[in-house]
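Architecture and fold: a report
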Amino acid sequence: DGSGQILSADTLLLGYALKNERGGDLLEWESDLVDYTVPNELLARYPSLTIQRLSSLAFDQEVVKLVANDMPLFMGAIYIIVIFLALTFGPLTRSHNRVLLAFVAIPQVLLSLLFATGCQGFFKAKISTLNFMLGFILAGVGVDDMIVIEEFYARAKAKGSSSVMKDTLAEGGLAVFLTSLTAVIAFLVGAFVDLPAVRSFCVCAGLAFAYNFVLNVTFFPAFLLLDEHRCCFGGTCACCVGRASVEEKKKEEKEEVIVAKKTSLAGSIFATYITPTLANPAVQIFVLVITFGAAIGVLIYGLGIEVGLSVTEVVPDDSYAVTFFDTLEEKFSSQIKIMALSVEGLDYSSSTQVANLQGLFTDIEGLPTVVGRVGNYQGHWLLHYQNYLSANSLDPYTDFGKQYITWLESSTCNNLPCNTYAMDVIGVVEGGELKSVSNARFFFEEVSPTETSEVWKVYNTLNGLRRAKGISGYYFIELFMYAENDSLMFMYLFRSLGVTLVAVAVIMAMFTDLTSTLYITLCVCCIDCHLLGIARLWDTRLNSVLFTCMIMSVGLSVDYCVHIAHAFVHAEEQIDPTKRLKEALTSLGPAVIKGGFTTLLGVALLSMASSSVFRMFFKMLFLTVLFGVFHGVISLPVMMCCHQKAINAFCGSSSSKLDTPRAEPMKAGGDDDNKL
């Protein structure tokens, strides 16, 4: 009413601050409270009231529930990838199917995860919720390398090589090594970011990808050879030698011819339709303009992306925590927050220093968003202690520290026990006197929107007042941590992406030619630009999850570019750029498309995740694969083809080879074996 009295209320917000004792009984008490205040039971006990509740422990339980709910999706995605491998590795005949080989992906993922988490556990590192995504990502990316190795094995076998696996690893091993190394480097760069959840995920991912590479060049080739022996025996296992009849074998040979024709269909599509189109000069100009123009445009658009991660994004969509926070946002958009001012190294026996502190209190109380005074309606510990000294004929400054324990044992603090302030002062106490104070805290209430951008403005304003008075210390509420992370997110992102791209470029230059390094790096930059712009268009905020996906995209997108660049540089044809483009795309284009499709199959299930944070992973992984395949199959070969055309025009066709010679096949014996 007009006098300021509250006559009625639509919603009442009650907050309880709980103090944990030395025995740590608070956790058990809070657990009992959470069990007692289940939302459905509250509704049954109080049918006339709508009661919502949340505590730190209850929120943690909802996060755990999120992982448990979506775990079947992760497992389903892995099995879909494995089934697709079984369908594409070879004919589904009785003796020549590759079903067992496809299922090797599952133990590889498990072994890589065990190695990574084991290393983290050995060094007592914490594991974040993001780490649960790693198995799915490993399955999608590790399978790509398995497809490449199997493709090189089939090519070496078709050539009639006397040492098929040796030639397979000699040709395909470098490409797999580069893609794995770039992914590991990208994750290790993210491990140096000051975001604990991101750091934990990146460390675990880097270790897992490194060990997955080891398995891809040892564990998988061993099973590939064993499975090849099984196929040669004509049975479902090695002990089934000779059991297949002659008619059965002839039937399977006919089926293999049919499958071989179907398999070459993808290569024919590249040779008949895609390659001639990309060889057209007008199309090449169009591709280059679209590639770089779109990248610049979406980057400019993406710079306006909002920053922040809502707490409702890390719990299931149907969680009562979502309802609780929605009610807070609707009813209390500007919430009262209890902030702590921690003062360090102040001499409370100096009237000058205490006057500066009191001046800071006055400035804080003068801010429009601060409610009441410092110390709230009860007052702070320094005020009550100085009043106690004055009441006992002691000087508040020269006698500061005397009778400190006696004061704590009294009830002179607004008729409250003064020991409630015992935790607000850290110092040295001897003989009942406070000899020195190293740290002391003061509380006050502040009202402002909970958006991290607004919270960070409040922090900077308060920090400016503290510095102006020459007071050492800091302010703290939990929101300040999230606000600071969000304020630094763009700096973290561009710094980490820059370092990652430079590291990837250096690695590519060490193991490939400079031309491939240049254009692969340009393609990766374009992919990151597209990701940032489309993320904003897809109503996604820049936060720790998106940051992780952006760093991860560098390592993953290189995978789609390296294989095509490797095939272009090491093509049999070294003069005609159009023929080199055709050879590169027809040889490895289908394998790149197949690898991208396997990842998309697994990613598709994440679109049904129960939380927006996992659906964010779906969006970014989907875009990474989509743009990675596009730039790897379309943009990169066009760039390299135009590059050689320019060299042909400038130097003549006889001197038009790229600056790395075509790799010669290794021969058995001598130093070549040692090099392998």
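Because the structure is a prediction, the values reported are computed rather than measured.

**Side note on the overall build of the protein**
Of the regular secondary structure elements, the protein holds 23 helices and 5 strands. With 676 residues in all, the protein has 46% of them scored as buried. Pairs at least 24 residues apart make up 76% of the contacts formed inside the protein by residues separated by at least 6 positions. Surface accessibility of the protein: about 32,700 Å² in total, with carbon and sulfur atoms responsible for 62%.

**Here we look at the environment of isoleucine 338**
Take isoleucine 338: it is sitting in strand β1 (residues 334-344). Since its relative accessible area comes to 51%, isoleucine 338 is described here as exposed. Setting aside residues no more than four positions away along its own chain, isoleucine 338 makes contact with Phe443, Phe444, Glu445 and Ile477.

**Description of the pairing of strand β5 (residues 473-476)**
Burial along β5 is one-sided: Gly473 and Tyr475 are buried, and none of Tyr474 and Phe476, which face the opposite way, are. The sheet contact formed by β1 and β5 spans 4 bridges and is antiparallel. When the sheet's bridge partners are listed, serine 342 is paired in β5 with tyrosine 474.

**Some words on the packing of helix α11 (residues 281-302) against helix α19 (residues 514-537)**
Helix-helix packing is characterised by the crossing angle of the two axes and by the distance between the axes. Put simply, α11 and α19 touch, their axes get as near as 7 Å, and they point 45° apart. Taken together, α11 and α19 sit at an angle that is classed as oblique. In this structure, α11 crosses over α19, and the sense of that crossing is left-handed. Contacts between α11 and α19 involve Thr291, Phe292, Ala294, Ala295, Val298, Leu299, Tyr301 and Gly302 from the first element and Leu522, Cys526, Cys529, His530, Leu532, Gly533, Arg536 and Leu537 from the second. Residues belonging to the contact of α11 with α19 are distributed by class as follows: 11 nonpolar, 4 polar and 1 charged.

**Section: a negative patch on the surface**
Judged by side-chain charge, Asp25, Glu28, Asp32 and Asp35 come together as a negatively charged surface patch. Looking at the secondary structure, you find glutamate 28 in helix α1 (residues 26-36).

**Some thoughts on the pattern of salt bridges**
Under the definition given, this model contains 14 salt bridges. As a salt-bridge pair, lysine 159 and glutamate 171 come within 4.0 Å of each other at their nearest N and O atoms. Placement of lysine 159 in the loop between α6 (134-158) and α7 (164-190) and of glutamate 171 in helix α7 is noted, with a sequence separation of 12 residues between them. For glutamate 171, a relative accessible area of 32% puts it in the partly exposed group. Residue lysine 469 pairs with aspartate 363 through a salt bridge whose shortest N-O separation is 3.8 Å. Pair noted here: lysine 469 is in the loop between α16 (452-468) and β5 and aspartate 363 is in helix α13 (residues 351-365), with a separation of 106 residues, a long-range link. One salt-bridge network, in which partners are shared between bridges, spans Asp10, Glu330 and Lys331.

**Side note on the state of the cysteines**
Considering all chains together, one arrives at 1 disulfide under this definition. Residue pairing for cysteine 413: its cysteine sulfur links by disulfide to cysteine 418, the two sulfurs lying 2.2 Å apart. Looking down the S-S bond of the cysteine 413 and cysteine 418 bridge, the torsion is 110°, so its handedness is right-handed. We classify cysteine 413 as buried; its relative accessible area is 1%. Since its relative accessible area comes to 0%, cysteine 418 is described here as buried.

**Things to note about the confidence of the model for the protein**
Looking at the protein as a whole, its pLDDT mean stands at 83, while 89% of the residues score no less than 70. Note on residues 235-263: pLDDT is under 50 here. Beyond four places in sequence and across chains, it has 23 contacts. In this model residues 659-676 is a low-confidence stretch, pLDDT under 50, and it forms 27 contacts with partners more than four residues away in sequence or in other chains.

**Description of the side chain of threonine 37**
Tracing the sequence through the fold places threonine 37 in the loop between α1 and α2 (39-45). Using a relative accessible area of 12% as the deciding quantity, one classes threonine 37 as buried.

**Regarding the packing of α6 against α7**
In contact at an axis separation of 8 Å, α6 and α7 are set at 155° when each is read in the N-to-C sense. Regarding the angle of α6 to α7, the classification is roughly antiparallel. In this structure, α6 meets α7 at a crossing whose hand is right-handed. For the pair α6 and α7, contact is made by Asp145, Val148, Ile149, Phe152, Tyr153, Ala156 and Lys157 and by Val164, Met165, Asp167, Thr168, Glu171, Gly172, Val176, Thr179 and Ser180, respectively. Looking at side-chain class alone, the contact of α6 with α7 contains 8 nonpolar, 4 polar and 4 charged residues.

**Here's the deal with the pairing of strand β4 (residues 433-449)**
Bridge analysis of β1 against β4 gives 11 bridges, and the strand direction is antiparallel. By the bridge assignment, serine 342 is partnered in β4 with arginine 441. Alignment of strand β3 (residues 425-430) against β4, held across 6 bridges, turns out to be antiparallel. Across the sheet, isoleucine 426 pairs through a bridge with asparagine 439, a residue of β4. If you look at the hairpin formed by β3 and β4, you'll find 2 residues sitting between the two strands, and glycine 431 has a positive phi there, around 60°.

Each value, and the rule that gives it
Residues numbered from 1 in each chain as written. Predicted model: local features only at pLDDT ≥ 70, side-chain atom pairs only at ≥ 80, totals over all residues. Heavy atoms only, no water. Helix = DSSP H or I, 4+ residues; strand = E, 2+ residues; numbered from the N terminus. Buried < 20%, exposed > 50% of the residue type's maximum accessible area, 1.4 Å probe, protein only. Contact = heavy atoms within 4.5 Å. Areas by Shrake-Rupley, 256 points an atom, 1.4 Å probe, with all protein chains shown as cover. Pairing = 2+ DSSP bridges. Axes fitted to C-alpha atoms, helices over the stretch in contact; angles between N-to-C directions. Parallel < 35°, antiparallel > 145°, perpendicular 65-115°, else oblique. Left-handed = near helix turned anticlockwise from the far one by under 90°. Nonpolar A, V, L, I, M, F, W, Y, C, P; charged D, E, K, R; others polar. Patch = residues over 30% accessible without salt bridge, like charges linked within 9 Å, V, L, I, M, F, W, Y side chains within 5 Å. Salt bridge = Lys/Arg side-chain N within 4 Å of Asp/Glu carboxyl O. Lys, Arg positive; Asp, Glu negative; His and termini not counted. Charge placed at Lys NZ, Arg CZ, Asp CG, Glu CD. Disulfide = S-S within 2.5 Å. pLDDT = per-residue confidence, 0-100.

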